[in-house]
2 protein chains.
Amino acid sequence: MNLTVAEENYIKSIYKLQDGNAVVSTNAIAYELDTKPASVTDMAKKLKEKKLIDYEKYQGISLTPEGRKIALQIVRRHRLWECFLVDKLSFSWDEVHEIAEELEHVRSEKLITRLSNFLGNPTTDPHGDPIPDALGRISKSQPLVSLDKATARRLEVAGVSDQSSSLLEFLNAKGIRLGTQLDIIERYEFDNSVEVKIRNQPAFTLSEQVSKNIMVKSL
Amino acid sequence: MNLTVAEENYIKSIYKLQDGNAVVSTNAIAYELDTKPASVTDMAKKLKEKKLIDYEKYQGISLTPEGRKIALQIVRRHRLWECFLVDKLSFSWDEVHEIAEELEHVRSEKLITRLSNFLGNPTTDPHGDPIPDALGRISKSQPLVSLDKATARRLEVAGVSDQSSSLLEFLNAKGIRLGTQLDIIERYEFDNSVEVKIRNQPAFTLSEQVSKNIMVKSL
DNA sequence: TATTTTATTTAGATTTGTCTAAATAATATT
DNA sequence: AATATTATTTAGACAAATCTAAATAAAATA
Ligand SMILES: [Mn+2]
Ligand SMILES: [Mn+2]
Ligand SMILES: [Mn+2]
Ligand SMILES: [Mn+2]
């Protein structure tokens, strides 16, 4: 199966949007890929032809098992490169997504196997997302909760659900990164903001928009 | 100047073929890129439009200073990635060219600066070719001679002029790599073959075709 | 249910990169 | 110099990926 970069990007987007086994809409894909719905329809026909998606007019799109397999390979490459950039080239977590977006399309089984090895076969990327193994298996960790819904008092940051540079830069500035331990000081009902504290530092407040995108596990 | 992958590959080929300031022929580029002369003519018009090459119908092609600058950046990226693959991921020198051929198109100044740093700012790639620095400057080492023309008795392998996997695999099998020291035992006029010896190993014979592609310096 | 709004698809173009076949120019050979 | 050969360009076509504008289907609302 020899896919173009465009086809790979579509497959990856569909995988990302298709939470569980739901069907994905034309518009959602267009928005995700910053393209037009008409283009998505065109591509849908091609990917159906290649048996990577199930698609019937007006019925939405979902990956076939083969399509999912390919999606997992792309995600694996993307996340391994992100690890490389952060761990080996000292990039910060808000800088790596765009570059990995290109590196992920270099297809060489051997390259990825060796890269993974070189990195010590990591199982999560710099944003806390799991890295599929060579067979596409994802180790499911304990399910994470977003900070705005967490109940425990002491939490550890385990991921971010929005990976835009702007959020990551903001978290950088506040000293929040993967593994950071947070104590909940107070929750304000009025705007759903939350006051938190990092060990030995003054407390500060996070808006609902931010806390919604911080995934935590209790300690 | 935002170039497509295809445009970058043309620029790089022209740079490679344009030894010194000679003009490059349509056919030579087509052969190098495994495409058709008609396609080269088409692309020549586009690259001329972008002021990256000088081109007049039937008069051959040459890079403008701007084109050369870009070519050197691509060559830099290509060779740095080759170093990465060999030094960090333990690829052998005959496996890296194809992968680097793709990696070279990931454009990020910061990525390349950091990669170079991570590798210790190497100045030659795994095939002995010089790596341009960030400003496109190539450190010119002592000029190399091909093994079939060398005069000294003791030589050191400093490069290969043909980087096909088949040659490199052959050299691997014979125990010849960069830095290998060779003693010339005998040259046979009949077929221009040459008998050589690596320290502590039985002598063996190299055909003219092979010795032409091994670049050496005398010790 | 009829109507309005939203989502999706189709029709028709455009850009990029490629090709084959035919035409033309340049070069080499008699 | 005439002819043959080789190199290069042009003409016309095609596939991939995109777009806009218009048509149609589905969903939401009145
Ligand atoms: Mn990412
Ligand atoms: Mn991508
Ligand atoms: Mn190479
Ligand atoms: Mn390339």
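Coordinates for the structure precede this section.
So, here's what we can say about the structure. Computed from a prediction, not measured in an experiment: that's the story for all the values here.

## Remarks on the overall build of chain A
Regarding its fold elements, chain A presents 8 helices and 8 strands. Its C-alpha atoms give chain A a radius of gyration of 19 Å, within 12% of the compact-globule value 17 Å for 219 residues. The dimensions of chain A, computed from C-alpha atoms along their principal axes, are 55 × 40 × 25 Å. If you take every contact in chain A between residues at least 6 apart in sequence, the share linking residues at least 24 apart comes to 61%. Carbon together with sulfur atoms contributes 49% to the accessible area of chain A, which is approximately 11800 Å² in total. Positive and negative side-chain charges of chain A, numbering 30 and 32 respectively, have mean locations separated by a distance of 5 Å.

## Let's talk about the coordination of the manganese ion (ligand 3)
Residues and elements named next belong to chain B. Of the protein atoms, only H78 (NE2), E82 (OE) and H97 (ND1) coordinate the manganese ion (ligand 3), at distances of 2.1 to 2.2 Å. Counting residues between consecutive donors of the manganese ion (ligand 3) along the chain gives the motif H-x3-E-x14-H. Placement of the pair is H78 and E82 together in helix α4 (residues 65-88), with a separation of 4 residues, close to one helical turn. For the pair formed by H78 and E82, the shared burial category is buried.

## Overview of the coordination of the manganese ion (ligand 2)
Residue and element names in this part refer to chain A. N9 (OD1), E101 (O), E101 (OE), E104 (OE) and H105 (NE2) make up the full set of protein donors to the manganese ion (ligand 2), lying at 2.1 to 2.7 Å. Sequence positions of the donors to the manganese ion (ligand 2) reduce to the motif N-x91-E-x2-E-H. Taking relative accessible area as the criterion, E101 reaches 24% and is therefore assigned partly exposed.

## Notes on helix α6 (residues 109-118) of chain B
The complete set of buried residues in α6(B) reads B:L111, B:I112, B:L115 and B:S116. The arc enclosing the buried residues of α6(B), seen along the axis, measures out at 125°, which places them on a common side. In α6(B), those exposed residues whose orientation departs by more than 90 degrees from the buried face are B:E109 and B:N117. Looking at the buried positions of α6(B), the neighbouring elements they touch are α4 (65-88) and α5 (96-103) of chain A together with α4 of chain B.

## Details of the nonpolar core
Formed by 34 residues in total, the largest nonpolar core has its most connected members in A:W81, A:F84, B:W81 and B:F84. At the level of secondary structure, the elements contributing two or more residues to this core comprise α4, α5 and α6 (109-118) of chain A together with α4, α5 (96-103) and α6 of chain B.

## A look at the pairing of strand β4 (residues 154-160) of chain B
Regular strands have side chains that alternate between both faces of the sheet. All names here are of chain B. Among the 7 residues that make up β4, 6 are buried, leaving the element largely enclosed by the rest of the structure. Sheet analysis places β4 next to strand β5 (residues 181-188), joined by 3 bridges and oriented antiparallel. Among the inter-strand pairings, L155 is bridged to a residue of β5, identified as L182.

## Here we look at the pattern of salt bridges
Opposite charge on two side chains permits them to pair, given that their charged atoms come into close proximity. Scanning the model with the defined rule gives 26 salt bridges over all chains in all. The residue B:E101 makes a salt bridge to B:K12 at a minimum N-O spacing of 2.8 Å. In this pair, B:E101 sits in helix α5 while B:K12 sits in helix α1 (residues 5-17), placing the two residues 89 residues apart along the sequence. Exposure remark for B:K12: the relative accessible area of 13% places this residue in the buried category. Across the salt bridge formed by B:E56 and B:K48, the nearest N and O atoms sit 3.0 Å from each other. Residue B:K48 is classed as partly exposed on the basis of its relative accessible area of 35%. Beyond isolated ion pairs, a larger network of salt bridges with shared partners links A:E8, A:R77 and A:R107.

## Points about the environment of A:E66
Residues and elements named next belong to chain A. Relative to the helices and strands, E66 is located in helix α4. Relative accessible area serves as the criterion here: at 32%, E66 is assigned to the partly exposed category. When the C-alpha atoms of E66 and I53 are compared, they prove to be 8.4 Å apart, with 13 residues separating the residues in sequence. Setting aside residues no more than four positions away along its own chain, E66 makes contact with K51 and L52.

## Overview of the protein's contact with DNA strand C
The environment of DNA strand C is formed by 21 residues, the closest being A:Y55, A:K57, B:T4, B:T35 and B:S39. In DNA strand C, atoms within 4 Å of the protein come 76% from sugar and phosphate. Between a phosphate oxygen of DNA strand C and a side-chain N or O atom of A:K45, the distance comes to 2.8 Å. B:D42 has a polar side-chain atom sitting 3.3 Å from a base nitrogen of DNA strand C.

Rules used in this analysis
- Residues numbered from 1 in each chain as written.
- Chains lettered and ligands numbered in written order.
- Predicted model: local features only at pLDDT ≥ 70, side-chain atom pairs only at ≥ 80, totals over all residues.
- Heavy atoms only, no water.
- Helix = DSSP H or I, 4+ residues; strand = E, 2+ residues; numbered from the N terminus.
- Rg over C-alpha atoms; globule rule 2.2 N^0.38 Å.
- Contact = heavy atoms within 4.5 Å.
- Areas by Shrake-Rupley, 256 points an atom, 1.4 Å probe, with all protein chains shown as cover.
- Lys, Arg positive; Asp, Glu negative; His and termini not counted.
- Charge placed at Lys NZ, Arg CZ, Asp CG, Glu CD.
- Donors = N, O, S within 2.8 Å, 3.2 Å for Na, K, Ca; no water.
- Buried < 20%, exposed > 50% of the residue type's maximum accessible area, 1.4 Å probe, protein only.
- Arc of directions from axis to C-beta.
- Core = buried A, V, L, I, M, F, W, Y, C linked by side-chain atoms within 4.5 Å.
- Pairing = 2+ DSSP bridges.
- Salt bridge = Lys/Arg side-chain N within 4 Å of Asp/Glu carboxyl O.
- Near = heavy atom within 4 Å.
- Polar contact = N/O pair within 3.5 Å; in protein donor to acceptor, adjacent residues only side chain to side chain.

Function cannot be read off these values alone, since they describe shape.
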